[in-house]
Amino acid sequence: MVSGGVSKFAKARPDATFQKIVKESFDYAMNDVPKLKHSMIDGSVVSYFSDHFTRQLMAGIMATDYLGLCPKPNKRIEGGGATGGLCFQAGWEAVASGRMNVCAAFGFETMSHVPTWKGNEFIALASDVNFDYPVGGFYSGYYAMMVNRHMHEFGTTVEQLAMVSVKNHMNAYGNPYAQKRRKLTIADVRNSAMVAYPLTLLDICVMSDGAATCILADEETAFKLTDHPVKITGVGTGTDMMRMADRPHGEVILAPNEKKSDYRNLKYPGVHSFRAGRSAGLQAYKMAGITDPLKQIDFVELHDAYTSSEIQTYEDLALCKYGDGGKFVEAGYPFMPQIDYGMKLPMKGTLPVNPSGGLIACGHPVGATGLMQAVFAFWQIQGSIKKHYGNGELQLKKADRGLIHSHAGTGTYVTVSIMERGW
Amino acid sequence: MAKKNPAKAPAESKKVEELMTGTTVFNIPLPADLKTLKGMSPIVIKQPYHIDYIHSYGQDSPFFAGLSNGKLLGTKCGKCDYTYATPRLACTQCGRETKWVEIPQTGRVHTFTTCYFGGEEFLKETPFHLVLVEFDGVDTLFLSRLIGPAGPEDIRIGMKVKAKFRRNSQLKPTDVYFVPAE
Ligand SMILES: [Zn+2]
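In what follows, the accompanying structure is described. The structure presented is a predicted model; accordingly, all values stated were derived computationally and were not measured.

## Section: the side chain of serine 384 of chain A
Part 1 of the reasoning: Here serine 384 of chain A is to be found in the loop between helix H16 (366-382) and helix H17 (385-389).
Part 2 of the reasoning: Side-chain polar atoms of serine 384 of chain A contact the side chain of glutamine 382 of chain A, separated by 3.1 Å.

Structure follows, in structure tokens:
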């Protein structure tokens, strides 16, 4: 990866159509590597989740032609909430296969075009419309059922969920791209409106308008364009059944740092864990040579559409054992060491999770989200946070290796990519 | 359009609700100087969209016929013995075609939630409870509504529940719902 750009995520961007918002992120990425000429781009991949939000089929080619990338190769990538992560990996595939030397991967969503509850209805159409949607289709409800089972199985608490919200909102304070920058307490999170028990308004991400672009290149070209390229050393993609009710209750897929005896009585994945996340993580770890992720990764940008899914994802990514996700946040591991969160933590953070503020605070314009994570991780590894955020508050001292994680509908598609300092 | 229940509206929204109704406009003024156009406010219009689909339940149709006759029909693999509470005609374990079987009408709450908000279509029904029901001898779960408990504090995982059916079926999965059985 040689460059990236993000439009500031906002609740609504009536001033621009989706093409122009994509162009903003694309121009930012192009301007960041002046040696990259438009003519050097061999092709592109584009992602957006829902045709319903734009009421426009083939919006992908319209973004592509606006960027002046015709008649070069392009295709649309879609996979629910993981759309952006899948697009990032499709861009990587285009370069890794040798088909392209330089590939632009961009994505967007304009969710403000319908009222919030209509938007929730559209998103719920990404559940089985014969058996699930008509029962009361609502994604927050689906995730709430998952976390209730997680709490039952492992003793996870609502306060532990709230800590994730406090952390990510506070991190976003230093990120000018974020939509919600707020200093919160655990009580604020618990006292906000109940949406789907036990998840409150502040446990859940918001809808956004936004776009993001990543420019990917082969190693030789990358070093011609920049002295500080970031290498993609591992990719993994997992899947699971759309209907949560159909998921198996079998045995845990073990990470290299786990034993069968760790999980004697646990039925897996059931509805408490994301098997796709575990599958994606293990593929990416194997490819990148990671055997002890807690020690070998410097930071993580993961898909925290819900505070509960952040906790579940710690476990899927084997940052801790299944069942220990709540304790993992309580102990302080995923916090930034340099930030005051207004609460007492037992230790300084060692593996910051969502230093950017995550989806909860940055916003979640679906087709852009996974690419946004890649851009924030790219800047973190380059050490260029100060240049791009206008302040260095969120720059980690050691950020040589990061993990990005994108996730769709109750864990149906999950992507994990490992990014490392390439110079 | 979305009607927020004022009793449950988020505390932070101290503002008038935006409406999807408005004035019809047939013309708007344009300045003579084209150089000023980039400073113009965006034009936002309402675009209605409505479709009636001709939707078939296909091979899953017997399930809905079962509901209208007071029966819960699932499927079972003859080879793996794997039983599906929500029917699927192909076994996910071995790929063989499954057969239709009747599944029990009593089960337990595997997990639950209470929705205070929802997609627009269901907003008027809030608050409602969603449950995933587990049955003895059945390998997968079943998503349904739980009717009866006042709030989430009256529901617990493991609680016994039994199926009830609408008398006038709508050929929707909501033709069956569950009620506490203890
Ligand atoms: Zn079978």
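## Considering the interface of chain A and chain B
Part 1 of the reasoning: Residue-level contacts link 39 residues of chain A with 51 residues of chain B.
Part 2 of the reasoning: Between chain A and chain B lies a buried interface of about 4,000 Å² when both sides are counted; carbon and sulfur atoms form 67% of it.
Part 3 of the reasoning: Of all residues in chain A, Trp117, Phe131 and Val135 of chain A give up the largest surface area on contact with chain B, accounting jointly for 19% of the area buried on that side.
Part 4 of the reasoning: A salt bridge links glutamate 120 of chain B to lysine 118 of chain A; the shortest N-O distance between them is 3.6 Å.
Part 5 of the reasoning: Inspection of the region where chain A meets chain B yields 16 residue pairs in polar contact (both at pLDDT 80 or more).
Part 6 of the reasoning: For the side of chain A that touches chain B, the secondary structure elements donating two or more residues are helix H5 (116-124), helix H6 (133-136), helix H7 (139-154) and strand E5 (194-196) of chain A.
Part 7 of the reasoning: Top contributing element to the side of chain A that touches chain B by residue count: H7 of chain A, with six residues.
Part 8 of the reasoning: Residues belonging to the side of chain A that touches chain B are distributed by class as follows: 22 nonpolar, eight polar and nine charged.

## Section: the pattern of salt bridges
Part 1 of the reasoning: For the structure on display, the rule yields 32 salt bridges over all chains.
Part 2 of the reasoning: A salt bridge links lysine 321 of chain A to aspartate 262 of chain A; the nearest nitrogen and oxygen atoms lie 3.8 Å apart. With a gap of 59 residues between them, lysine 321 of chain A in the loop between helix H13 (307-316) and helix H14 (325-331) and aspartate 262 of chain A in the loop between strand E9 (249-250) and strand E10 (268-269) connect regions that are remote in the sequence.
Part 3 of the reasoning: Classification of aspartate 262 of chain A as partly exposed rests on a relative accessible area of 26%.
Part 4 of the reasoning: Salt-bridge contacts for glutamate 102 of chain B lead to lysine 71 of chain B; the nearest nitrogen and oxygen are separated by 3.8 Å.

## Let's talk about the packing of aromatic side chains
Part 1 of the reasoning: By the definition in use, this model includes 30 aromatic pairs over all chains.
Part 2 of the reasoning: Between tyrosine 143 of chain A and tyrosine 306 of chain A the ring centres are 4.3 Å apart and the planes differ by 20°, which places this aromatic pair in the stacked class. Taken together, the positions of tyrosine 143 of chain A in helix H7 and tyrosine 306 of chain A in the loop between strand E11 (299-301) and H13 put the pair 163 residues apart, joining distant regions of the chain.
Part 3 of the reasoning: Overall, the relative accessible area of 7% leaves tyrosine 306 of chain A in the buried class.
Part 4 of the reasoning: Joined through ring pairs, the aromatic side chains of Phe131 of chain A together with Tyr57, Phe63, Phe64, Phe135, Phe142 and Phe178 of chain B make up one cluster.
Part 5 of the reasoning: In this structure, arginine 76 of chain A is placed above the aromatic ring of tyrosine 48 of chain A, and the distance from its NZ or CZ to the ring centre is 3.7 Å.
Part 6 of the reasoning: The ring of phenylalanine 128 of chain B is capped by arginine 145 of chain B, whose NZ or CZ atom sits 3.9 Å from the centre of that ring.

## Digging into the environment of threonine 92 of chain B
Residue and element names in this part refer to chain B.
Part 1 of the reasoning: On the secondary structure map, threonine 92 appears in the loop between strand E2 (83-84) and strand E3 (99-102).
Part 2 of the reasoning: According to the relative accessible area criterion, threonine 92 is partly exposed, its value standing at 37%.
Part 3 of the reasoning: Distance from threonine 92 to cysteine 77, taken between C-alpha atoms, is 9.3 Å for residues 15 residues apart in sequence.
Part 4 of the reasoning: Polar side-chain contacts of threonine 92 include one of 3.3 Å to the side chain of glutamine 93.

## Remarks on the coordination of the zinc ion
Residue and element names in this part refer to chain B.
Part 1 of the reasoning: The zinc ion binds to the protein through Cys77 (SG), Cys80 (SG), Cys91 (SG) and Cys94 (SG); the donor distances cover 2.2 to 2.4 Å.
Part 2 of the reasoning: With four donor atoms in place around the zinc ion and angles of 99 to 120° between them, the coordination shape is tetrahedral.
Part 3 of the reasoning: Donor residues binding the zinc ion come from one chain and are separated in sequence as C-x2-C-x10-C-x2-C.
Part 4 of the reasoning: The exposure class of cysteine 80 is partly exposed, given its relative accessible area of 31%.

## Topic: the nonpolar core
Considering soluble globular proteins, one finds that nonpolar side chains tend to be buried as a cluster.
Residue and element names in this part refer to chain A.
Part 1 of the reasoning: Counting 121 residues, the largest nonpolar core has Phe88, Tyr285, Val300, Tyr314 and Met419 as its most contacted members.
Part 2 of the reasoning: Broken down by element, this core gets its largest block of residues, eleven residues, from H16.
Part 3 of the reasoning: When neighbours within four sequence positions are excluded, valine 300 is seen to be in contact with Leu317, Leu319, Leu351, Pro352, Val353, Asn354, Pro355 and Leu403.
Part 4 of the reasoning: Counting residues in hydrophobic clusters, the runner-up holds 26 residues, among them Phe26, Leu36, Ile41 and Ala211.

## Observations concerning the sheet that holds strand E4 (residues 102-110) of chain A
Residue and element names in this part refer to chain A.
Part 1 of the reasoning: A sheet is described by the order of its strands in space; here five strands give the open sequence E1-E7-E4-E2-E3, paired in mixed fashion. Of all strands in the sheet, those with a lone pairing partner are strand E1 (3-6) and strand E3 (74-77), marking the two edges. Going from strand to strand, the sheet's axes swing by 15° on average, the running direction of each strand aside.
Part 2 of the reasoning: The pairing of strand E2 (residues 43-47) with E3 spans four bridges and is parallel. Counterpart to valine 45 in the pairing with E3 is lysine 75.
Part 3 of the reasoning: The strands touched by helix H1 (residues 18-32) are E1, E4 and strand E7 (209-217); relative to E7, the strand with the most contacts, the crossing angle is about 40°.

## Focus on the side chain of threonine 64 of chain A
Residues and elements named next belong to chain A.
Part 1 of the reasoning: Among the secondary structure elements, threonine 64 is positioned in helix H3 (residues 59-66).
Part 2 of the reasoning: By relative accessible area, which is 1% here, threonine 64 ends up buried.
Part 3 of the reasoning: For threonine 64, the contacting residues outside a window of four places in its chain are Ser44, Val46, Leu69, Asn74 and Phe106.

## Digging into the sheet that holds strand E12 (residues 401-407) of chain A
Residue and element names in this part refer to chain A.
Part 1 of the reasoning: Spatially, E8-E13-E12-E11 is the arrangement adopted by the four strands of the open sheet, whose pairing is mixed. A single partner strand is all that each edge strand has here, and the edge strands are strand E8 (230-239) and E11. Each neighbouring strand pair of the sheet contributes to a mean axis angle of 20°, computed without reference to strand direction.
Part 2 of the reasoning: Of the strand pairs in this sheet, E12 and strand E13 (residues 413-421) are connected by seven bridges, and their pairing is antiparallel. In the sheet register, glycine 402 faces E13, and the bridge partner there is methionine 419.
Part 3 of the reasoning: Across the sheet, helix H11 (residues 275-288) lies against E8, E12 and E13, angled at about 150° from E8, the strand it touches most.

The rules behind the values
Residues numbered from 1 in each chain as written. Chains lettered and ligands numbered in written order. Predicted model: local features only at pLDDT ≥ 70, side-chain atom pairs only at ≥ 80, totals over all residues. Heavy atoms only, no water. Helix = DSSP H or I, 4+ residues; strand = E, 2+ residues; numbered from the N terminus. Polar contact = N/O pair within 3.5 Å; in protein donor to acceptor, adjacent residues only side chain to side chain. Contact = heavy atoms within 4.5 Å. Buried area = accessible area lost by both parts, 1.4 Å probe. Salt bridge = Lys/Arg side-chain N within 4 Å of Asp/Glu carboxyl O. Nonpolar A, V, L, I, M, F, W, Y, C, P; charged D, E, K, R; others polar. Buried < 20%, exposed > 50% of the residue type's maximum accessible area, 1.4 Å probe, protein only. Phe/Tyr/Trp six-rings, centres within 6.5 Å; stacked < 30°, edge-to-face > 60°. Lys NZ or Arg CZ within 6 Å of the ring centre and 35° of its normal. Donors = N, O, S within 2.8 Å, 3.2 Å for Na, K, Ca; no water. Tetrahedral: all angles 85-135°; square planar, octahedral: opposite > 155°, others 65-115°. Core = buried A, V, L, I, M, F, W, Y, C linked by side-chain atoms within 4.5 Å. Pairing = 2+ DSSP bridges. Axes fitted to C-alpha atoms, helices over the stretch in contact; angles between N-to-C directions.

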